[in-house]
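Chain by chain, the residues run as shown.
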Amino acid sequence: MMVRLLLVLGLVMTTAPLAAKPLIFAHRGASAWLPEETLAAYERAIADGADFIEPDLVPTKDGVLVARHESNIAETTDVASHPEFAARRVVKVIDGRAQEGWFTEDFTLAELKTLRAKERLGALRPESKAHDGQFEVATLGEIVALAARSKRRVGLVPELKHPTYFAGLGFDTPGMLVAAIKGSAYLRRAPVIVQCFEIATLKRLHKELAEQRNVELLQLIQGPEVRQPADVVLASGVLTFEDMVTPAGLAEIATYAQWISPPLRRVIPLDAAGQSGPPAALIADAHKAGLKVSVFTFRPENQFLPVNLRGGDANARWPQGMVADVRAFVAAGVDGFFTDDPALGRAALAPHKG
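Definitions and cut-offs
Residue numbering note: each chain is counted from 1, following its sequence as written. Given that the model is predicted, a residue must reach a pLDDT of at least 70 before its local features are reported, and side-chain atom pairs must reach 80 or more before they are shown or counted; all residues, however, enter totals for whole chains, interfaces and linings. Hydrogens and water are ignored here; the side-chain numbers use all heavy atoms of the structure. Put simply, DSSP marks the helices as runs of H or I at least four residues long and the strands as runs of E at least two long, and each gets a number from the N terminus on. Both definitions apply: the radius of gyration is a C-alpha atom measure, and the globule rule equals 2.2 Å times residues to the power 0.38. In what follows, residue pairs with any heavy atoms lying within 4.5 Å of each other are defined as contacts. For every residue, the predictor assigns a confidence score, pLDDT, that lies between 0 and 100. Only buried residues count toward a nonpolar core, which is a set of Ala, Val, Leu, Ile, Met, Phe, Trp, Tyr and Cys residues joined through side-chain atoms within 4.5 Å. Note on classification: 1.4 Å probe, protein chains only; a residue is buried when its accessible area is under 20% of the maximum for its type, exposed when over 50%, partly exposed between these limits. The axes are straight lines fitted to the C-alpha atoms, using for helices just the contacting stretch, and the angles between their N-to-C directions are given from 0 to 180°. Any angle that is under 35 degrees is reported as roughly parallel, and any over 145 degrees as roughly antiparallel; angles of 65 to 115 degrees are reported as roughly perpendicular and all others as oblique. Left-handed describes a crossing whose near helix is turned anticlockwise from the far helix by less than a right angle; the clockwise case is right-handed. Side-chain classes follow a simple rule in which Ala, Val, Leu, Ile, Met, Phe, Trp, Tyr, Cys and Pro form the nonpolar group, Asp, Glu, Lys and Arg form the charged group, and the remainder, Gly included, forms the polar group.

## With respect to the overall build of the protein
Helix and strand content of the protein: 15 helices and 13 strands. For 354 residues, the compact-globule formula gives about 20 Å, and the C-alpha radius of gyration of the protein, at 20 Å, lands near that figure. Dimensions of the protein, computed from C-alpha atoms along their principal axes, come out at roughly 70 × 50 × 45 Å. For the protein, contacts bridging at least 24 residues in sequence account for 69% of all contacts bridging at least 6.

Structure (structure tokens):
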């Protein structure tokens, strides 16, 4: 009765509804098993129970959005073995960090299609490395078509990589993504969550995608090793990622986004011995602001797990450790999570004893 009265009076605060259950975001596909950002990795992620698949989006020289972890493809393709592209090896400064390699913005899509993907963590993931040389660089359009063919509804959670950097080169990657969403029958109705570390890009998308009720926005939060978003640095601003996860900062994010996604250890920190401890206040604070919380990234190898959840050899897979880690975050109230192994993520959400 009281709620009905408040609704009539217009006094109920409207906030973003929280996820009914934690959503599984396939981090670049099932990238614990197949080279990341490939159609094969996304196909397996869907088969393994992912709710959303994640392409990191960067542009080609001729203005096509493709899925690569970064535009530097030195570690994720066989470009170094192509003598015809040797002269394109350069050093670039992206968001203040110098990188040497080959970059998607210097290649046409046709040229990129002559390359083949390879496992970035080959020493750690021999199962994936066994597939080196088998798969092409995938376009956003190809990934959407794959999702559309799925027998169940699969969402996309694309990340716009370094939009300020690309704007300086003449590429409007946010605009390209908006056009892709509005021009795709599937992306106009399927769940879409667009993520970015940069604030100005998300605020722009908040306006340009306002009529797309199936689209939500996600503010990525860096770990303490990165102080500010790149667009804030370029504008000589003072806002830091630490400011963004305060109650006031979260309230500001809620004016243009529905989600935040911090790294795992901002939510459940590790102690000096590398063991997981009690949750921080971030999830509760974000929920108070009306925001949903996802975290990144759960991986099944020991070196990515808290010390107290490891077992076996140092570099070995330890699935039960990842499952236990996920369950701790679920108990803490997380609304979604990124993982390299969606099948293990699904196992972690299954009913269990203890």
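## Observations concerning the confidence of the model for the protein
Confidence in the prediction for the protein averages 93 pLDDT; 94% of positions are at 70 or higher. Low pLDDT (under 50) marks residues 1-19, which in the prediction has 14 contacts with non-local residues, meaning those over four places away or in another chain.

## Quick look at the nonpolar core
A general trend in soluble globular proteins is that nonpolar side chains are found buried together. Ile-53 and Val-194 are the most contacted members of the largest nonpolar core, which has 75 residues in total. Element by element, the count of residues in this core is highest for helix H5 (residues 140-148), at 5 residues. Not counting chain neighbours up to four residues away, the residues in contact with Ile-53 comprise Ala-26, Tyr-42, Ala-45, Ile-46, Ile-143, Ala-147, Val-154, Gly-155, Leu-156 and Val-157. In this structure, Phe-85, Trp-102, Phe-107 and Phe-166 belong to the second largest nonpolar core, which totals 17 residues.

## Topic: the environment of Phe-166
If you trace the backbone, Phe-166 turns up in helix H6 (residues 163-168). For Phe-166, a relative accessible area of 0% corresponds to the buried category. Sequence separation between Phe-166 and Trp-318 is 152 residues, and the spatial gap between their C-alpha atoms is 38 Å.

## Section: the packing of helix H14 (residues 319-332) against helix H15 (residues 342-349)
One way to put it is that H14 packs onto H15 with a least axis distance of 9 Å and a crossing angle of 55°. Viewed along their axes, H14 and H15 adopt a mutual orientation that is oblique. Crossing geometry of H14 relative to H15 is assigned as right-handed. Residues Pro-319, Met-322, Val-323, Val-326, Arg-327 and Val-330 of H14 pack against Leu-344, Gly-345, Ala-347, Ala-348 and Leu-349 of H15. Among the residues making up the contact of H14 with H15, the classes are represented as 9 nonpolar, 1 polar and 1 charged.

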